[in-house]
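Remarks on the overall topology
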Amino acid sequence: MTTTVDNAHPTTDVASTLDTVVDDVIRPQATMVDREGAFPRQGVDALAAAGLLGLASSTEVGGGGHGMRVVAEVVERLAAECGSTAMVVLMHYAATAVIEAHGPREVRAGIATGGHLTTLAFSEYGSRSHFWSPTGTATATDDGSVRLDARKSWVTSAGEVDSYVWSSLPVAPDAGPMTLWLVPAGSAGLSVTGDFDGLGLRGNGSRPMTADGLRVPSTAMMAADGAGLDTALGAVLPWFLVLNAAFCLGLAQSAVTEAGRHVTRTTLTHTGAALRDAPVTRRDLARLMIRTDALRAFLGDTLTALETGRDGAMLRVLQVKALAGETVADVTDGAMQLCGGSAFRKELGLERRFRDSRAARVMAPTTDALHDFVGRVATGLPLLDEANR
């Protein structure tokens, strides 16, 4: 597993800049993004203009040069305010990890300076959440280009980005299980083929896409033909899983904060007591806090394991999203119960966070798949059977 991490928390400048964008654009629009299922274009553009989408890009191409810990804290903060915006940014950074390692300099520079938004296009109708088993094809043509044909089931920010990190079967049949490509948006033969009207993350633009005779130059291949799975597992998966955990943490922490605020300020007129005055209420809030703090500690330990190259870092990476997905589901559910009927109204924002949190369990690799992966690593088995590689 290879990835870039650092020990620094966001610099004062990064944190201050993020605060400004959140206060001025993202928080004020979060309710509208959810209600209308609108892509958070203004928020994403504001983040780009502020240099926050190039934090993990190399300083060599004009980026911030930060590692995973800094980016994770940014994703956590965004998730606390708008889950849809956070997911768009999360997928951008997961795709950036591949592009930084294997993409062309001009695209890397575009990402670094905020002029290029990207995403992953892995999941397919044929293999669903088993992203490691693509069914889409890549065929060499007589003119030296490569033809891509596929039906992608869900692509975050579909139709909104400048490029897609695209998976396919290899060009050469025996080359390996997967090949990755950098596909420019607007390519002939590339289309968005459906809408998204989801329970949560309603503005993240996760829609199906089709490649029908899409042509890319052979230089669009990232890493070697057939080496895409190793690249996905080594470069993409750590970023994707850790940032998903940060996303879950942001949702959970915001739910706990709002629940605490509600039980503190809400009083019963007939008794004069606040909701917090009931021991059972304090107990339930404490349980939510402890679950959230435990996730924060585990995420921090995962980042430390990556930063130090500690034995077992891979196991921590696999565990952290599984833990985070279950934690945020339980915590947001508990916050809804704690706040009672008030939580079912839009004002508190708890029901939005509850809905947004449901995605973590089913977003590939799903919690069930991660439990299997963890069990495999713990018992000395390969992460995937040879038939899946």
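Turning next to the nonpolar core. One finds Trp 166 and Phe 247 to be the most contacted residues of the largest nonpolar core, which totals 123 residues. With 21 residues, the single largest contributor to this core is helix 6 (residues 228-265). When sequence neighbours within four positions are dropped, the list of residues in contact with Phe 247 reads Val 75, Ala 79, Gly 83, Ala 86, Met 87, Leu 90, Leu 201 and Asp 356.

Taken as a whole and judged by the stated rule, the model has four aromatic pairs. Seen from their ring centres, Phe 131 and Trp 132 are 5.1 Å apart, and the 80° between their planes marks the pair as edge-to-face. On the accessibility criterion, Phe 131 (6% relative accessible area) is buried. On the basis of relative accessible area, Trp 132 is assigned to the buried category, the value being 6%.

A word on the side chain of Glu 81. Looking at the secondary structure, you find Glu 81 in helix 3 (residues 68-81). Judged by relative accessible area, Glu 81 falls into the buried class, the value being 13%. A polar atom in the side chain of Glu 81 sits 3.0 Å from the side chain of Arg 27. Discounting chain neighbours no more than four positions away, the residues touching Glu 81 are Val 22, Ile 26, Arg 27, Ala 30, Arg 352 and Arg 353.

In this structure, Arg 355 sits in helix 9 (residues 350-357). A distance of 2.8 Å separates the side chain of Arg 355 from the backbone oxygen of Leu 199, its partner in a polar contact. When neighbours within four sequence positions are excluded, Arg 355 is seen to be in contact with Asp 34, Leu 199, Gly 200, Arg 202 and Lys 346.

The next subject is the pairing of strand 7 (residues 207-217). With eight bridges joining them, strand 3 (residues 145-155) and strand 7 adopt antiparallel strand pairing. For Leu 148, the partnering residue across the bridge sits in strand 7 and is Leu 214. Two strands pair when backbone bridges link them, and strand 6 (residues 190-192) and strand 7 are joined in this way by three bridges, in the antiparallel orientation. Within the sheet, the bridge partner assigned to Ser 191 lies in strand 7 and is Thr 210.

Attention now goes to the sheet that holds strand 1 (residues 118-121). Reading across from one edge, 1-4-5-8 is the order of the four strands in this open sheet, with mixed pairing throughout. On the outer flanks of this sheet lie strand 1 and strand 8 (221-222), each paired with one strand and no other. Pairing between strand 5 (residues 179-184) and strand 8: two bridges, direction antiparallel. The partner of Leu 180 across the bridge, within strand 8, is Met 222.

A few words now on the pattern of salt bridges. Under the counting rule described, the total for this entry stands at 31 salt bridges. The partner of Arg 105 in a salt bridge is Glu 60, with the nearest N and O atoms 3.1 Å apart. Of this pair, Arg 105 sits in helix 5 (residues 105-112) while Glu 60 sits in the loop between helix 2 (41-49) and helix 3, placing them 45 residues apart in sequence. By relative accessible area, Arg 105 is classed as partly exposed at 45%. Asp 330 serves as the salt-bridge partner of Arg 291, at 3.3 Å between the closest nitrogen and oxygen. Taken together, the positions of Arg 291 in helix 7 (residues 279-308) and Asp 330 in helix 8 (residues 313-339) put the pair 39 residues apart, joining distant regions of the chain. Residues joined in a network through salt bridges with shared partners are Asp 19, Asp 23, Arg 27, Arg 77 and Glu 81.

Turning our attention to the environment of Ala 112. Looking at the secondary structure, you find Ala 112 in helix 5. Residues Ala 112 and Leu 55 lie 57 residues apart in sequence; the distance between their C-alpha atoms is 7.1 Å. Non-local contacts of Ala 112, meaning those with residues more than four positions away in its chain, are made with Gly 54, Ser 57, Val 61, Gly 62 and Gly 63.

Once that is clear, we can look at the pairing of strand 5. Across the six residues of strand 5, five count as buried, placing the element largely inside the fold. Relative to strand 5, strand 4 (residues 163-168) runs antiparallel, the two being bridged by six bridges. By the bridge assignment, Val 165 is partnered in strand 5 with Leu 182.

On to the sheet that holds strand 2 (residues 137-140). Pairing is antiparallel in the open sheet, where four strands are placed in the order 2-3-7-6. Looking at the sheet topology across the chains shown, the edges are occupied by strand 2 and strand 6. Averaged over all pairs of adjacent strands, the angle between strand axes in this sheet comes to 10°, irrespective of strand direction.

What counts, and where the lines are drawn
- Residues numbered from 1 in each chain as written.
- Predicted model: local features only at pLDDT ≥ 70, side-chain atom pairs only at ≥ 80, totals over all residues.
- Heavy atoms only, no water.
- Core = buried A, V, L, I, M, F, W, Y, C linked by side-chain atoms within 4.5 Å.
- Buried < 20%, exposed > 50% of the residue type's maximum accessible area, 1.4 Å probe, protein only.
- Helix = DSSP H or I, 4+ residues; strand = E, 2+ residues; numbered from the N terminus.
- Contact = heavy atoms within 4.5 Å.
- Phe/Tyr/Trp six-rings, centres within 6.5 Å; stacked < 30°, edge-to-face > 60°.
- Polar contact = N/O pair within 3.5 Å; in protein donor to acceptor, adjacent residues only side chain to side chain.
- Pairing = 2+ DSSP bridges.
- Salt bridge = Lys/Arg side-chain N within 4 Å of Asp/Glu carboxyl O.
- Axes fitted to C-alpha atoms, helices over the stretch in contact; angles between N-to-C directions.

Nothing here speaks to function; it is all geometry.
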